[in-house]
Amino acid sequence: MLANLSPIDPHTIPDLRTYLRAIPDPRSLRGLWHPLDAILAICSCAAASGAKTIEEIAEWGQRAPLRLLTALGVRPHPLHYRRSPAACTIDRVLCRINAHALDAAIGAYLADRHHATTATGDDGDGATDNARPALPAIAVDGKALKGSARLDQPRRHLLSALAHHPPLTLAQSEVGAKTNETRHFLPLLQGLDLAGRVVTFDALHTVKEHLKRLVKGKGAHYVAMVKGNQPTLHAQISGLPWGRTPIAHTRSEKGHGRRESRSIKVMGIADSLGGICFSHARLVLRVHRRQQETGKKQTRETVFAVTSLDAHQATPADLAAYVRGHWAIENSSHHIRDVTFGEDACTVHTGSAPRAMAALRNLAIGVLKSAGADNIAKTTRAIRDLPEHALPFYGIGYEPDLSGT
């Protein structure tokens, strides 16, 4: 499985520990033994090996040989042996760590990996550049951590910004219990370079102020879904003469026990011709989906979207790819976190630990996707058998001890 990935040279991949050292250590200096970057490096390597809980992270460290722990920065014991941090130590660190700093460090690392991957034109999934839109896209979507709920506290909710290709999490923030995702939309994107990029999001974030800030303040474009939360906009778009508008692009797929076809219609809305009342809108989209699973009736769905892209900036196929790419994030990130890493079943709920564990899962998925892994579950199982295989994914050099072999 690992042989099918792209060539991994730790000397050309940035060292993750350089980014982790920017995170402040929440522990007191008294009795401090394990460096923070070493603990987080162990957590990162264990996550790439498929570790789902803090106990499994500690077990990964216990299985690691001494030379591997040395490469990760674990301090030597006075009795001349090295000891990985125990589960209670990892738990205390993740519960007290500055979650904002951890997300910022991981986001910066994945952003650099994304820039290097896209600059070479090899994003690991084998698709050609001609099959993708010219402008890169970032999707904004939220996810609840169901296992973090308790009788006295609601489940934690995270909002993330993910690149479409490859699906790397570039930023993440936590949505408070007394607020919603809308208030965290602009702060989430504040530190990202969005110039010349397309931001896609669902109808919850289709707010005029957000779109103004994206276009004017960040120099970005948007593809925003439109539903009943914007009744005036939805009525204007649904009332357009779609019946007289020809289909601009279609695509059909068959697999996983179902057939699916999608068609898109595009219409310009020039301001001089009485365009719709929305910020910087240039085109409106009507996407019609038909899906039929084996042995079931066919289902149909029609959705509308609005974009700031002009007709010369994106073809109908590009616009369909942006809409499709946004919802593919569910399969490329959230589904993997739930199924492969058991995120919803994880009962970690204290302090910053739920958010920190989600950040480690985002990091593991990002580095594996950058390396060309198309099946995260199989790749993590392959790494689990040989822990030293996890280090090169993070740019950490490791030379095994071949004496006695």
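Residues numbered from 1 in each chain as written. Predicted model: local features only at pLDDT ≥ 70, side-chain atom pairs only at ≥ 80, totals over all residues. Heavy atoms only, no water.

## Here's the deal with the environment of Arg132
Then step 1. Position of Arg132 among the secondary structure elements: in the loop between α6 (99-120) and β1 (137-145).
Then step 2. For Arg132, a relative accessible area of 17% puts it in the buried group.
Then step 3. Separated by 67 residues in sequence, Arg132 and Val199 have C-alpha atoms that sit 15 Å apart. (Helix = DSSP H or I, 4+ residues; strand = E, 2+ residues; numbered from the N terminus. Buried < 20%, exposed > 50% of the residue type's maximum accessible area, 1.4 Å probe, protein only.)

## Details of the nonpolar core
Generally speaking, nonpolar side chains in soluble globular proteins are found buried as a group.
Then step 1. Judged by nonpolar contacts, the single largest core of 95 residues is most densely connected at Trp60 and Tyr394.
Then step 2. Sequence-distant contacts of Trp60, that is, excluding residues within four places in its chain, are made with Ile42, Cys45, Ala46, Ser49, Leu68, Leu72, Pro387, Ala390 and Leu391.
Then step 3. Core analysis: the second largest hydrophobic core is formed by 16 residues, Met225, Leu283, Val287 and Leu309 among them. (Core = buried A, V, L, I, M, F, W, Y, C linked by side-chain atoms within 4.5 Å. Contact = heavy atoms within 4.5 Å.)

## Points about the state of the cysteines
What makes a disulfide is a covalent bond joining the sulfur atoms belonging to two cysteines.
Then step 1. Evaluation of the coordinates by the stated rule reveals zero disulfides.
Then step 2. Sulfur of Cys43: no disulfide; nearest cysteine sulfur belongs to Cys45 and is 9.5 Å away.
Then step 3. Take Cys43: its relative accessible area is 0%, and that puts it in the buried class.
Then step 4. Just so you know, Cys346 is unpaired, no disulfide at all, and the nearest cysteine sulfur is the one on Cys95, 11 Å from it.
Then step 5. Since its relative accessible area comes to 8%, Cys346 is described here as buried. (Disulfide = S-S within 2.5 Å.)

## A few points about the packing of aromatic side chains
Then step 1. Under the defined criterion, the tally for this structure stands at three aromatic pairs.
Then step 2. Residues Tyr19 and Tyr109 carry aromatic rings whose centres are separated by 5.1 Å and whose planes lie at 75° to one another, so their mutual orientation is edge-to-face. Placement of Tyr19 in helix α1 (residues 16-20) and of Tyr109 in helix α6 is noted, with a sequence separation of 90 residues between them.
Then step 3. Note on Trp242 and Phe304: the rings are 6.1 Å apart at their centroids and 35° apart in plane angle, and the pair reads as tilted. Here Trp242, found in the loop between α9 (231-238) and β6 (249-255), pairs with Phe304, found in strand β9 (residues 299-307); they are 62 residues apart in sequence, far enough to count as distant.
Then step 4. Given the relative accessible area of 5%, Trp242 is considered buried. (Phe/Tyr/Trp six-rings, centres within 6.5 Å; stacked < 30°, edge-to-face > 60°.)

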